[in-house]
Amino acid sequence: MISRTPSVASIPAWQASLRDAVTSSEVLLRRLGLPADLVPVGQDRTTGFPLRVPEEFLARMEFGNARDPLLLQVLPQLVELEVAAGYTEQPLAEESFAPLPGLIHKYRGRVLILVSGACAVHCRYCFRRNFPYSDQQPWSDGGQAVIDYIAADASIREVILSGGDPLAVSDDRLASLVRRLGQVEHLETLRIHTRLPVVIPNRVEDSMLAWLEATMLNKVLVLHANHARELDGAVAAAVRRLRGADVTVLNQAVLLRGVNDSEERQADLSESLFRIGVLPYYLHLLDRVQGAAHFEVSEERAQEILRQLRGRLPGYLVPRLVREVPGAPSKVPV
Ligand SMILES: *Cc1c(COP(=O)(O)O)cnc(C)c1O
Ligand code: SF4
């Protein structure tokens, strides 16, 4: 028998980074010169949402700083196990808007495809931490049922590739999906919601630009960065390549206590995004998912920060403060 396992050399560098991501708090803390008892032994497992952080993201954390805003986004904490009132397993009840496995049709004119359940990094505040991805895989038939659904509804103008992280999937698969979407006559826009170009910037490689450049659809890519320090030179280079492929690049962030809940940090984020060619889009209030209550910023405080930003930045650098309300016809402005 000839082995069909691809040789190590044929794996793209970003896939190797995904594979080799740090998955143990002990290793992460040791690498940052922090005491191991910051995370009690076994915690990675008890939360059911294990730590996961690739080297490229780890490298942007500050050595010896237990309050580092990038570290706080990924480090499991004991408080996650506390039960908080009003926080549920699945705050958005997305399944009730899924006409097919892997497809969410909640807002008029737009559908969201759950392309991948995997993420490059596990963000502790994420509402998808309890999402039953295994029930939501559209790919058993190569995504054809999803394409057929979109083709049958002419009110759909925009397809959003989401997840998990849609760019965790290979370019071959994405190229095939996007080519078939491009054949649907009433579709105008392809949108990609991803954190990968921030977490592992070399994900934006030639084979990705190839399918982006090949499609006739309008292209929007919404990044997810919460703090200015996530945006290093490699991220800037990735954004430059995307813009070179005619992609409009936006950013969404989540307002997180201890990470970005100040006028200073939000202004710094907006200005740093703009410097690399990205406009802020949404600033989300935290979804009330079980295990994330320690990140909550009150609505009053959020509004105060936004007022300060409006008094300081040009209007196009002030993100829209929104919250998701199950059943609402759009994101709800705060
Ligand atoms: C956020 C979201 C969208 C996109 O909403 P916009 O306001 O257009 O950014 C679409 N579908 C679902 C299910 C969403 O959660
Ligand atoms: S879906 Fe986005 S926010 Fe949630 S864990 Fe994945 S990368 Fe992080």
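Residues numbered from 1 in each chain as written. Chains lettered and ligands numbered in written order. Predicted model: local features only at pLDDT ≥ 70, side-chain atom pairs only at ≥ 80, totals over all residues. Heavy atoms only, no water.

Chemist: I'm lost on the pairing of strand β1 (residues 103-107) in this one. Help?
Modeler: Successive residues of a regular strand alternate their side chains across the two faces of the sheet. The buried fraction of β1 is high, at 4 of 5 residues. The pairing of β1 with strand β2 (residues 110-116) spans 3 bridges and is antiparallel. By the bridge assignment, Tyr107 is partnered in β2 with Arg110. What sits between the antiparallel neighbours β1 and β2 is a turn of 2 residues, in which Gly109 has the positive phi angle 85°. (Buried < 20%, exposed > 50% of the residue type's maximum accessible area, 1.4 Å probe, protein only. Helix = DSSP H or I, 4+ residues; strand = E, 2+ residues; numbered from the N terminus. Pairing = 2+ DSSP bridges.)

Chemist: Even after reading the chapter, I still don't get the site of ligand 2, so can you show me in this structure?
Modeler: Taken together, Cys119, Val121, Cys123, Cys126, Arg128, Gly164, Arg195 and His224 make up all the residues around ligand 2. A breakdown of the residues in the shell around ligand 2 according to their chemical character gives 4 nonpolar, 2 polar and 2 charged. (Near = heavy atom within 4 Å. Nonpolar A, V, L, I, M, F, W, Y, C, P; charged D, E, K, R; others polar.)

Chemist: For this particular structure, what's the right way to read the nonpolar core?
Modeler: One broad rule of soluble globular proteins: the nonpolar side chains tend to lie buried together. One finds Leu28, Val53, Met61, Ile150, Leu161, Leu181 and Trp211 to be the most contacted residues of the largest nonpolar core, which totals 93 residues. Tallying contributions element by element places helix α10 (residues 233-244) first for this core, with 5 residues. Each of domain 1 (13-81) and domain 2 (94-333) contributes no fewer than three residues to this core. Ignoring any residue separated from it by four or fewer positions in sequence, one finds Met61 in contact with Leu28, Leu32, Val53, Asp68, Leu70, Leu71, Val74 and Arg229. Residues Leu250, Tyr281, Tyr282 and Val322 belong to the second largest nonpolar core, which totals 6 residues. (Core = buried A, V, L, I, M, F, W, Y, C linked by side-chain atoms within 4.5 Å. Domains from an automatic or database assignment. Contact = heavy atoms within 4.5 Å.)

Chemist: Teacher, can you tell me more about the sheet that holds β1 here?
Modeler: Strand pairing in a sheet relies on backbone hydrogen bonds, with the paired strands running either antiparallel or parallel. Strand order in this open sheet of 9 strands is β1-β2-β3-β4-β5-β6-β7-β8-β9, and the pairing throughout is mixed. If you trace the sheet from one side to the other, it starts and ends with β1 and β9 (332-333), each paired once. Here strand β3 (residues 158-163) pairs with strand β4 (residues 189-193) via 4 bridges, running parallel. When the sheet's bridge partners are listed, Val159 is paired in β4 with Leu190. Its contacts with the sheet put helix α7 (residues 171-182) on β2, β3 and β4, and the angle it makes with β3 is roughly 160°. (Axes fitted to C-alpha atoms, helices over the stretch in contact; angles between N-to-C directions.)

Chemist: Help me understand α7 in this model?
Modeler: The terminal C-alpha atoms of α7 lie 16 Å apart, and with 12 residues this matches the ideal 16 Å at 1.5 Å per residue to within 8%. Every buried residue of α7 is listed here: Asp171, Leu174, Leu177, Val178, Arg180 and Leu181. (Expected span 1.5 Å × (residues − 1).)

Chemist: Would you mind going over unusual backbone geometry with me for this structure?
Modeler: Glycine aside, residues mostly have negative phi angles, and peptide bonds mostly take the trans form. The step from Gly163 to Gly164 runs through a cis peptide bond, and the omega angle for that step is 15°. Along the polypeptide, Gly164 turns up in the loop between β3 and α7. Residues other than glycine seldom take positive phi values, yet Asp246 does so here, at roughly 70°. We classify Asp246 as exposed; its relative accessible area is 64%.

Chemist: How should I be thinking about a nonpolar patch on the surface in this particular structure?
Modeler: A surface patch of nonpolar side chains, amounting to about 290 Å² of accessible area, comprises Phe274, Leu279 and Tyr316. Inspection of the secondary structure puts Phe274 in helix α11 (residues 263-275). Under the relative-accessibility criterion, Phe274 is labelled partly exposed at 41%. (Patch = residues over 30% accessible without salt bridge, like charges linked within 9 Å, V, L, I, M, F, W, Y side chains within 5 Å. Areas by Shrake-Rupley, 256 points an atom, 1.4 Å probe, with all protein chains shown as cover. Salt bridge = Lys/Arg side-chain N within 4 Å of Asp/Glu carboxyl O.)

Chemist: Is there a simple way to explain the domain arrangement of the protein chain in this structure?
Modeler: One frequent convention defines the size of an interface as the accessible area lost when the parts assemble. Along its sequence, the protein chain is organised into domain 1 (13-81) and domain 2 (94-333). Each of domain 1 and domain 2 was reduced to a C-alpha centroid, and the two centroids are 23 Å apart. Interface area, domain 1 with domain 2, both sides summed: about 2,600 Å², of which 58% is carbon and sulfur. The three residues of domain 1 that bury the most area against domain 2 are Trp14, Phe49 and Gln73, which together make up 33% of that side's buried surface. Applying the counting criterion to the domain 1 and domain 2 interface returns 3 salt bridges. Of the charged contacts, one joins Asp68 and Arg229 as a salt bridge, the two residues approaching to 2.7 Å between their closest N and O atoms. Where domain 1 touches domain 2, the interface holds 16 residue pairs in polar contact (both at pLDDT 80 or more). Secondary structure elements with two or more residues in the side of domain 1 that touches domain 2: α1 (13-19), α4 (55-58) and α5 (69-74). When its residues are assigned to classes, the side of domain 1 that touches domain 2 shows 17 nonpolar, 5 polar and 6 charged. (Buried area = accessible area lost by both parts, 1.4 Å probe. Polar contact = N/O pair within 3.5 Å; in protein donor to acceptor, adjacent residues only side chain to side chain.)

Chemist: Help me understand the pattern of salt bridges, please; the structure alone is not making it clear to me.
Modeler: Side-chain pairs of opposite charge can arise whenever the charged atoms involved come near each other. Counting across every chain of the model gives 17 salt bridges. With its nearest N and O atoms 3.0 Å apart, the salt bridge here joins Arg157 to Glu188. Residue Arg157 is located in the loop between α6 (144-151) and β3, and its partner Glu188 is located in the loop between α7 and β4; the two are separated by 31 residues in the primary sequence. Across the pair Glu263 and Arg312 runs a salt bridge whose closest N-O atoms are separated by 3.1 Å. Taken as a pair, Glu263 in helix α11 and Arg312 in the loop between α12 (299-310) and β8 (320-323) lie far apart in primary sequence, 49 residues in all. Residue classification places Arg312 among the partly exposed positions, given a relative accessible area of 35%. Here the salt bridges do not stand alone but share partners, grouping Lys106, Glu324 and Lys331 into one network.

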